[in-house]
Amino acid sequence: MFPADSVRKGRSAKKRASTLTAGLALSALVLSGCAQSNREEGDAGASGDVDGTFVFAASSDPKSLDPAFASDGESFRVSRQIFEGLVGVEPGTADPAPLLAKSWEASDDGMTYTFDLEEGVKFHDGTDFNAEAVCANFDRWYNFTGIQQAESQAYYYGMLFKGFSDSPDTATYKSCEASSDSEAVVSLNKPFAGFVAALSLPAFSMQSPAALEEFGANNSSGTAEAPELTEYAKAHPTGTGPYKFDGWDVGNQLTLSLNEDYWGGGEPQVTDIIFRVIDDPQARRQSLESGDIDGYDLVAPADTESLAAAGFNVVPRDPFTILYLGMNQQVPELADPKVRQAISHAIDKEALVSQTLPEGTKVATQFIPDVVNGYNEDVTTYEYDPEKAKSLLAEAGYPDGFSVDFNYPTGVSRPYMPTPEQVFTNLSAQLAEVGITVNPQPDKWSPDYLDRVQAGSDHGLHLLGWTGDYNDTDNFVGVFFGQEKPEFGFNNPDIFAALEEARQVSTLEEQTPLYEQINEDIAEFAPAVPLAHPAPSLAFSERVESYPASPVNDEVFSDIKLKK
Amino acid sequence: MLRVIGKRLLMLIPTLIGLSILLFLWVRNLPGGPATALLGDKASPEAIANINKAYGFDRPLIEQYFTYVGKLLQGDFGTSIVTGRPVLEEFATRFPATVELAVVALIFAIGIGIPLGYLAASHYGRFWDHSSVVLSLIGITVPVFFLAFILKWVLAIQLGWFPTDGRQDPRIDATHVTDFYVLDGLLTREWDASWDAILHLVLPAIALGTIPLAIIVRITRASVLEVQGADYVRTARAKGLMEKTIRGRFVLRNAMLPVTTTIGLQTGLLISGAVLTETVFAFSGIGRFLRDAIFALDYPVLQGFIVFIAVAYSLINLLVDVSYGFIDPRVRVQ
């Protein structure tokens, strides 16, 4: 009845003690007042006198330990410790960098990529990582069938490689060949400029072909919406990373321990990682304050200052997010470009950022953060100018302003939008200054809000945003404005076509001018107001000296520095 | 007695059949149908057709119903949409946590509630009475999350006497035999682990047990007051029975009937109370799991949970009725 994947040593009980004893013990405790907690501070780590056990609060269990079938942050956080891909990212940035592949070379037509692999690397099960293993992984993804292709499963492969072996006409991937032990050649059917950057996603981690086979990683069952985890995905993730999987006590905690044979060398101070599941943000904060955990992610903006003042280490991530105010052009007033410009001029982004968004947030001028390819320094901007906004409104035929629905979600916290209610209140007041009255339309995030804003036309102004998956422009603007969507309710074939074209260009250098132009076109058309690039923060106990914060969450705990 | 129990267990069957029909109809009538509930409004017609086929939603209702009941009878509660694990396995791993918490909360509520209620009644109209009335009023009106916050803030964060959340310190490498952590520590003689699990239970148990405690105080007080004024007590006094005997055998025993009923009802409610408490204390039991299921509309889990609750409620009620028999022999005859 009890799953085998829980953390248990399985020693059998020698003697049955009665529950009465427990009851008595508790009464004794209640009667005697409260004794000081005698929790241990953990074992001393491998590196000298530092406690090598690192406890991190996760907001949920991972969805799956098989990263090819995961797309959520908590799964990826765990994956990044156990697995490595061919490509990693440059520390602290979103740019691709060598990892299991020492280097790579693309053919001129962008159709073949030759990867030169690290040698002497072994998976946790002792099998060799080599070009054959690389091809086995690519072929595995390509040959996913049935429910494995569902969005709930191979989401990223489906999204980025556009098709599987049963639809070779649309598929980007063609074949993989191991030309030697240390050289793998991947061929594509069509150019894909974001190919290398995409490989930095944990979904494309290299997994041990032997372990995948042994523990039935491909024996998917269940249905597309309720896929059952395979034995591999529950208890046997096998990669090349600095940490090995120990156990998963579902709903409670997941433990990893140091991979002593790690190829990358170094002497990590963190020898054991415990991911504790604490879904309530308030509980995470309290857990840190009481010393039960060493750190957690997505600190509420209201907490950053007080935690820092209390001596905790608050680490902001470089923003890789965008928060925008959408304007649905199905609403007659918002269809008028002058009105959209007026709204753009009516908003004081500086004030919004300083009043409602966390430390480290940058004001946005366009829909991509400045580290993404195609960021346009000279893009048209709409300075905060309420007078100009009023006169534009008058020109558009609304000298006394107008009223419009303003949709916003409640009780939700996203990395790009930690406190939607506050942002709504702030923006409403600013719009009122120029005569635009808003009708508040609050909705629960899922499914109400997302459905209302993304699926139907029954909404006016709205708040939404995005966190980038990896460094790719199309992953931002293409998602928002690449086709006709009910969210913005406009049809601008020129922008759609330009985005389609840019996506298919084979090199980043050629893409840059195209995206710069697209960002300018979008700014002029103003389908939405880019508000800010909010910076999500992490918080750690005092003993954490440094944490390798990454804009794309590429954080491996072996890089954590602890105080002696 | 056994016949009564047997009869009651038999009556569970029509209850469960009725419930299974209601549940079945509920899922079929989710807004947009079950496929849309799973996929969301934006799902393509093909995806919806696929789901209908995969789940058999395209078959006649009667056939669907019997398939569903057939699976239930085989212990197949389906697979959680959120976690991808069998619902029964999910329950099995989380159930011990909730039971452990509920038991300690009950011990807390009964252990303090009955003496306090009795004390109030026997000091009717005086200091003890007034303070217990005020205390129980506070206990009922203070929201659980607020109480939890205060408890954590003062006892865990400021004073550091108790941990803020979870079931056990993750740094303790404890052996788990039954998944009742306190018991496990005793069984394996890992006293530290047991002690740590107890410390982790104290705050959530107080938070969870406070409302039942307040209600038990009030019912005990009212019930004792009523019995104290009953004719048979007056008669007993007139006969010159010792006060100790009167209190123990007449008053307390007779007053316990409504209190037992209340305890039974409160035990059932503890499970729903656990939803909030377990969330606030990051306690990995059934309550927290249910909350996630509600948010995600994870209907295999919700369905399984309702069946589970129905059975649990029926069994608790049965237990209450059986204990009536022990408290009051007249009930046994009926």
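These figures come from a predicted structure and were not determined experimentally.

Engineer: Even after reading the chapter, I still don't get the overall build of chain A, so can you show me in this structure?
Structural biologist: Across its full length, chain A carries 18 helices and 23 strands. Taking 564 residues into account, the globule formula puts the C-alpha radius of gyration at 24 Å, and chain A, at 26 Å, falls close to it. Seen through its principal axes, chain A has C-alpha atoms that stretch 85 × 70 × 45 Å. Looking at the 564 residues of chain A, the share that counts as buried comes to 56%. The long-range share in chain A, meaning contacts at least 24 apart out of those at least 6 apart in sequence, stands at 68%. Accessible surface for chain A amounts to roughly 22400 Å². Of this, 48% is attributable to carbon and sulfur atoms. A distance of 9 Å separates the average location of the 37 positive side-chain charges in chain A from that of its 88 negative side-chain charges.

Engineer: What is the right way to look at the overall build of chain B in this model?
Structural biologist: The secondary structure content of chain B amounts to 14 helices and 0 strands. In chain B, the order of α-helices and β-strands from amino to carboxyl end is α-α-α-α-α-α-α-α-α-α-α-α-α-α. When the backbone C-alpha atoms are referred to their principal axes, chain B occupies close to 85 × 55 × 40 Å. Counting over 334 residues, chain B shows a buried share of 51%.

Engineer: Could you clarify how one ought to interpret the pairing of strand β11 (residues 253-258) of chain A in this entry?
Structural biologist: Looking along a regular strand, one sees side chains alternate from face to face of the sheet. All names here are of chain A. Burial analysis of β11 places 6 of its 6 residues in the buried class, the great majority of the element. Relative to β11, strand β10 (residues 243-249) runs antiparallel, the two being bridged by 6 bridges. Paired with tryptophan 248 across the bridge in β11 is leucine 254. The turn joining β10 and β11, which pair antiparallel and follow one another in sequence, is formed by 3 residues; a positive phi near 85° is taken by glycine 251. Pairing geometry for β11 and strand β12 (residues 272-277), over 5 bridges, is antiparallel.

Engineer: Got a minute to help me understand the nonpolar core in this structure?
Structural biologist: Soluble globular proteins tend to pack their nonpolar side chains together in the buried interior. All names here are of chain A. In terms of nonpolar packing, the biggest core is built from 66 residues, with Leu325, Ile343, Leu463, Phe481 and Leu531 touching the most fellow members. Element by element, the count of residues in this core is highest for strand β15 (residues 321-327), at 5 residues. Leucine 463 has contacts with Tyr324, Leu325, Phe406, Asn407, Tyr408, Met417, Pro420, Val423, Phe424, Leu427, Tyr449 and Leu531, leaving out every residue within four places of it along the chain. Ranked by size, the runner-up nonpolar core spans 45 residues in total, among them Phe69, Ala101, Phe144 and Leu201.

Engineer: Would you mind showing me how to read the environment of Pro337(A) here?
Structural biologist: Examined against the element boundaries, Pro337(A) turns out to sit in helix α11 (residues 337-346). For the pair formed by Pro337(A) and Ala396(A), sequence separation is 59 residues and the distance between their alpha carbons is 8.7 Å.

Engineer: When you look at the environment of Gly264(B) in this model, what are you seeing that I'm missing?
Structural biologist: Residue and element names in this part refer to chain B. Note on placement: glycine 264 falls in helix α11 (residues 243-280). Considered as a pair, glycine 264 and glutamate 243 are 21 residues apart in the sequence and their alpha carbons are 30 Å apart. The residues touching glycine 264, leaving out its near neighbours within four places in the chain, are Ile316 and Val320.

Engineer: Can you walk me through helix α7 (residues 144-158) of chain B in this structure?
Structural biologist: Since there are 3.6 residues in each turn of an α-helix, residues three or four apart along the chain are aligned in direction. Given a rise of 1.5 Å per residue, 15 residues ought to cover 21 Å, and the 20 Å separating the end C-alpha atoms of α7(B) matches this to within 8%. Lys152(B) marks where α7(B) bends most, by close to 30°. Against α8 (281-289) of chain A together with α9 (191-228) and α11 of chain B lie the buried residues of α7(B). One or two positions beyond α7(B), positive phi appears at Gly160(B), with a value near 70°.

Engineer: Would you mind showing me how to read the packing of α11(A) against helix α13 (residues 386-395) of chain A here?
Structural biologist: Helix packing for two helices is described by the angle between their axes and how far apart those axes are. All names here are of chain A. Remark: α11 packs on α13, axes separated minimally by 8 Å, with the N-to-C direction vectors making an angle of 165°. Relative to α13, α11 is oriented roughly antiparallel. Crossing geometry of α11 relative to α13 is assigned as left-handed. Contacts from Lys338, Val339, Gln341, Ala342, His345 and Ala346 of α11 reach α13 at Pro386, Lys388, Ala389, Leu392, Leu393 and Glu395. Considered class by class, the residues forming the contact of α11 with α13 number 7 nonpolar, 2 polar and 3 charged.

Engineer: Help me out: how do you make sense of the sheet that holds strand β5 (residues 112-117) of chain A in this one?
Structural biologist: Adjacent strands of a sheet pair through backbone hydrogen bonds, lying either parallel or antiparallel. All names here are of chain A. Pairing is antiparallel in the open sheet, where 4 strands are placed in the order β4-β5-β7-β6. Of all the strands in the sheet, just β4 (101-106) and β6 (173-180) have a single pairing partner and so form its edges. Ignoring strand direction, the axes of neighbouring strands in this sheet form an average angle of 20°. Pairing geometry for β4 and β5, over 5 bridges, is antiparallel. Looking at β5, one finds that alanine 101 is bridged to leucine 117. Packing of helix α3 (residues 131-142) onto the sheet brings it into contact with β5, β6 and β7 (183-188), and relative to β6 it is tilted by some 165°.

Engineer: Would you take a moment to explain the packing of aromatic side chains for this structure?
Structural biologist: Per the stated rule, a full pass over the model turns up 54 aromatic pairs over all chains. Taking the centre distance of 5.4 Å and the plane angle of 80° together, the rings of Phe161(A) and Phe204(A) count as edge-to-face. Here Phe204(A) lies in the loop between α5 (195-198) and α6 (209-214) and Phe161(A) lies in helix α4 (residues 155-161), a separation of 43 residues in the sequence. Taken as a pair, Phe161(A) and Phe204(A) share a single burial class, namely buried. Measuring from centroid to centroid gives 6.2 Å for Phe305(B) and Phe308(B), while their planes differ by 40°, and the two rings are tilted. Pair noted here: Phe305(B) and Phe308(B) are both in helix α13 (residues 299-327), with a separation of 3 residues, about one helical turn. Given the relative accessible area of 8%, Phe305(B) is considered buried. We note Arg85(B) situated over the ring of Trp248(A); from NZ or CZ to the ring centre the distance is 4.5 Å. For Arg167(B), the ring lying beneath its charged end belongs to Tyr181(B), and the centroid distance is 3.7 Å.

Engineer: Teacher, can you tell me more about unusual backbone geometry here?
Structural biologist: When glycine is set aside, most residues are seen to have a negative phi, and most peptide bonds are trans. With a phi close to 55°, Leu298(A) is a non-glycine residue in the positive phi region. Here Leu298(A) shows up in the loop between β13 (295-296) and α9 (301-309). On the accessibility criterion, Leu298(A) (39% relative accessible area) is partly exposed. In this structure, Asp179(B) takes a positive phi of about 75° despite not being glycine.

Engineer: I tried to follow the packing of helix α10 (residues 231-238) of chain B against α11(B) on my own but got confused; where do I start?
Structural biologist: All names here are of chain B. As a packed pair, α10 and α11 sit with axes 10 Å apart at the nearest point and diverge in direction by 170°. Here α10 is positioned roughly antiparallel relative to α11, judged by the angle of their axes. In this structure, α10 contributes Tyr232, Val233, Ala236 and Arg237 to the contact, and α11 contributes Glu243, Ile246, Phe250, Val251 and Asn254. Its residues assigned to classes, the contact of α10 with α11 comprises 6 nonpolar, 1 polar and 2 charged.

Engineer: I keep staring at the confidence of the model for chain A and nothing clicks. Help me out?
Structural biologist: Should pLDDT be low for a region, the predicted coordinates there are not to be read in detail. In this model, chain A carries a mean pLDDT of 87, and residues with pLDDT of at least 70 account for 91%. Long-range and interchain partners of residues 1-47 of chain A, a stretch whose pLDDT sits below 50, account for 97 contacts in this model, where long-range means more than four residues apart.

Engineer: I would appreciate a short explanation of the sheet that holds β12(A) in the present structure.
Structural biologist: Residue and element names in this part refer to chain A. Overall, mixed pairing links the 7 strands, which are arranged β10-β11-β12-β1-β13-β21-β14 in an open sheet. Each having just a single partner strand, β10 and β14 (313-316) make up the two edges of the open sheet. As judged from the 2 bridges shared by β13 and strand β21 (residues 537-540), these two strands associate in the antiparallel manner. Counted as the bridge partner of glycine 295 is phenylalanine 540 from β21.

Engineer: Please clarify how helix α17 (residues 493-504) of chain A should be interpreted in this entry.
Structural biologist: Residue and element names in this part refer to chain A. Taking 1.5 Å per residue, 12 residues should reach 16 Å; α17 reaches 17 Å between its end C-alpha atoms and fits that length. Among all positions in α17, only Ile495, Phe496, Leu499 and Ala502 are buried. Burial along α17 is one-sided: seen end-on, the buried residues are contained in an arc of 135°. Looking at α17, the residues exposed on the side facing more than 90 degrees away from the buried face are Pro493 and Asp494.

Cut-off values and rules
Residues numbered from 1 in each chain as written. Chains lettered and ligands numbered in written order. Predicted model: local features only at pLDDT ≥ 70, side-chain atom pairs only at ≥ 80, totals over all residues. Heavy atoms only, no water. Helix = DSSP H or I, 4+ residues; strand = E, 2+ residues; numbered from the N terminus. Rg over C-alpha atoms; globule rule 2.2 N^0.38 Å. Buried < 20%, exposed > 50% of the residue type's maximum accessible area, 1.4 Å probe, protein only. Contact = heavy atoms within 4.5 Å. Areas by Shrake-Rupley, 256 points an atom, 1.4 Å probe, with all protein chains shown as cover. Lys, Arg positive; Asp, Glu negative; His and termini not counted. Charge placed at Lys NZ, Arg CZ, Asp CG, Glu CD. Pairing = 2+ DSSP bridges. Core = buried A, V, L, I, M, F, W, Y, C linked by side-chain atoms within 4.5 Å. Expected span 1.5 Å × (residues − 1). Bend = angle between axes of the 7 residues up to and from the residue. Axes fitted to C-alpha atoms, helices over the stretch in contact; angles between N-to-C directions. Parallel < 35°, antiparallel > 145°, perpendicular 65-115°, else oblique. Left-handed = near helix turned anticlockwise from the far one by under 90°. Nonpolar A, V, L, I, M, F, W, Y, C, P; charged D, E, K, R; others polar. Phe/Tyr/Trp six-rings, centres within 6.5 Å; stacked < 30°, edge-to-face > 60°. Lys NZ or Arg CZ within 6 Å of the ring centre and 35° of its normal. pLDDT = per-residue confidence, 0-100. Arc of directions from axis to C-beta.

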